[in-house]
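Residues per chain are reported as follows:
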Amino acid sequence: MADQYNTNEEKILKDSHTKEIDLIDRDPKQINEDVVKVDFEDVIAEPDGTHSMDGVWKASYTTFTVSKYWCYRVLSAIFGIPVALLWGFCFACISFCHIWAVMPCIKSYLIETHCLSRIYSLCIHTFCDPLFEALGKIFSSVRVALRKEV
């Protein structure tokens, strides 16, 4: 029974660090939908009355598309892993600070202000509530009538 528990625990730990990635849909949450989705038509366009030769237009399209594709592939092959390492380190530091510094400070602040808010509430209910109730009773009999005089 203990061996089965250890095997399940190891499997859970392994699965949390080695989840399967989708090699087809690489932006499932569409975080780069409008940012880097740049096609030839988004960058280069010839208005009516100003057209290059058809062969030049086709060659320009092919050159733009292929050079963008291969430049991205070469840059990601060279810098992808080091940049991923840097971003992983950066987000690990942010997570560490948030978990070990920010949230404890916020929780401590909320605990301390809860005590102060109880004291403040007690003072308001003790001193201000009777004053405003008395003022309300004084002015409750005031009647306002609007008349238009010509």
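These figures come from a predicted structure and were not determined experimentally.

**Student:** I'm lost on the packing of aromatic side chains in this one. Help?
**Tutor:** Pairs of aromatic rings are described using the distance from one ring centre to the other and the angle between the two planes. Scanning the entire structure with this criterion turns up six aromatic pairs. Plain terms: the ring middles of Phe 40 and Phe 64 are 5.6 Å apart, the flat faces sit at 65° to each other, and that makes the pair edge-to-face. Taken together, the residues span a long stretch of sequence, with Phe 40 in helix H2 (residues 40-43) and Phe 64 in helix H3 (residues 54-139) at a distance of 24 residues. Taken as a pair, Phe 40 and Phe 64 share a single burial class, namely buried. Ring plane angle 35° and centroid distance 6.4 Å describe the contact between Phe 96 and Trp 100, whose orientation is recorded as tilted. Note that Phe 96 and Trp 100 are positioned in helix H3 at a spacing of four residues, about one turn of the helix. Across the pair, Trp 100 and Phe 96 agree in class, each one exposed. Counting every residue linked through ring pairs, the aromatic cluster contains Phe 40, Trp 57, Tyr 61 and Phe 64.

**Student:** Which parts of the structure should I look at to understand the environment of Val 38?
**Tutor:** With respect to the helices and strands, Val 38 occurs in the loop between helix H1 (2-17) and H2. For the pair Val 38 and Thr 65, spaced 27 residues apart in the sequence, the C-alpha separation amounts to 9.9 Å. Residue contacts for Val 38: discarding those within four places in its chain leaves Val 43 and Lys 68.

**Student:** Looking at this structure, how should I read the confidence of the model for the protein?
**Tutor:** Low-confidence regions, as indicated by low pLDDT, have predicted coordinates that should not be scrutinised in detail. Taken residue by residue, the protein gives an average pLDDT of 86. The fraction at 70 or more is 88%. H1 is the least confidently modelled element of the protein, averaging 56 in pLDDT, while H3 averages 94, the highest of any element.

**Student:** Teacher, can you tell me more about unusual backbone geometry here?
**Tutor:** Phi at Gln 30 is positive, roughly 50°, even though this residue is not glycine. Summarising the element assignment, Gln 30 is placed in the loop between H1 and H2. Look at Gln 30 and you get partly exposed, because its relative accessible area is 44%.

Analysis parameters
- Residues numbered from 1 in each chain as written.
- Predicted model: local features only at pLDDT ≥ 70, side-chain atom pairs only at ≥ 80, totals over all residues.
- Heavy atoms only, no water.
- Phe/Tyr/Trp six-rings, centres within 6.5 Å; stacked < 30°, edge-to-face > 60°.
- Helix = DSSP H or I, 4+ residues; strand = E, 2+ residues; numbered from the N terminus.
- Buried < 20%, exposed > 50% of the residue type's maximum accessible area, 1.4 Å probe, protein only.
- Contact = heavy atoms within 4.5 Å.
- pLDDT = per-residue confidence, 0-100.

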